[in-house]
Amino acid sequence: QVQVAESGGGWVKPGGSLRLSCVLSGSFFRVHDTAWYRQAPGKQRELVAGITDRGTPYYIDSVKGRFTISRDAIKRALYLQADMLKPDDTAVYYCNADIVIKEDGTTWNGWGQGIQVTVSA
């Protein structure tokens with residue numbers, strides 16, 4: 001069974017930084033695309049940033065230049081460095097991963113439990 005677990009959230013003042021981490025545990029063969037999503041109160045969950053299995057990152061416009069997504073295959077981890085944070089970045093952040101769980105190529109899409117990020121003065 002594969003588990004997805006986020007850490008690193010919290011409260012920060014506008015202009016501050018946080019580094020979110022996501023660790024994949026359990027038995028699997030490899031990881032395809034991974035991404036960070038967020039859901040603010042009263043809003044739908046939205047994609048924030050993703051990184052393909054070839055290492056190509058992509059971002060929504062509102063975080064370009066402020067957030068950096070990266071992954072470490074050896075540590076089975078995904079990161080989101082969030083700088084110059086704004087109150088509008090306040091949300092629960094979720095890690096998502098497409099994982100190959102069987103040798104025949106069967107994939108599983110997993111979500112973490114979510115972690116709160118609050119940006120306020």
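Here, the structure is the one placed above.
Parameters at a glance
Each chain carries its own residue numbering, running from 1 in the written order of its sequence. Totals for whole chains, interfaces and linings use all residues, but because this is a predicted model, local features are given only for residues with pLDDT of at least 70 and pairs of side-chain atoms are given and counted only at 80 or more. Where side-chain values are given, they derive from all heavy atoms of the structure, hydrogens and water being excluded. When DSSP locates at least two bridges between a pair of strands, those strands are taken to pair. Only DSSP runs of H or I with at least four residues qualify as helices, and only runs of E with at least two residues qualify as strands; both kinds are numbered from the N terminus onward. Axis definition: a line fitted to C-alpha atoms, over the contacting stretch in the case of helices. Angles run 0 to 180 degrees between N-to-C directions. Using a 1.4 Å probe on the protein chains alone, a residue whose accessible area is under 20% of its type maximum counts as buried, one over 50% counts as exposed, and one in between counts as partly exposed. Within this scheme, the nonpolar core is defined by two criteria: the residues are buried Ala, Val, Leu, Ile, Met, Phe, Trp, Tyr or Cys, and they are joined through side-chain atoms within 4.5 Å.

1. What to know about the sheet that holds strand β3 (residues 18-25)
Thought 1: With antiparallel pairing, the 4 strands of this open sheet are ordered in space as β1-β3-β8-β7. Both edges of this open sheet fall to β1 (3-7) and β7 (67-72), since each of them pairs with a single strand only. Going from strand to strand, the sheet's axes swing by 15° on average, the running direction of each strand aside.
Thought 2: Relative to strand β8 (residues 77-82), β7 is paired through 6 bridges, and the arrangement is antiparallel. Residue pairing for β8: Arg 71 is matched across the bridge by Leu 78.

2. Overview of the pairing of β1
Thought 1: Burial along β1 is one-sided: Val 4 and Glu 6 are buried, and none of Gln 3, Ala 5 and Ser 7, which face the opposite way, are.
Thought 2: Sheet topology note: the β1/β3 ladder contains 5 bridges and is antiparallel. For Ala 5, the partnering residue across the bridge sits in β3 and is Val 23.

3. Section: the nonpolar core
Thought 1: By size, the foremost hydrophobic cluster in this structure holds 29 residues, and its most contacted members are Leu 24, Trp 36, Phe 67, Leu 80 and Tyr 93.
Thought 2: The set of elements that each furnish at least two residues to this core consists of β3, β4 (30-39), β5 (46-51), β7, β8, β9 (91-100) and β11 (115-119).
Thought 3: Residue contributions to this core peak at 5 residues, all from β9.

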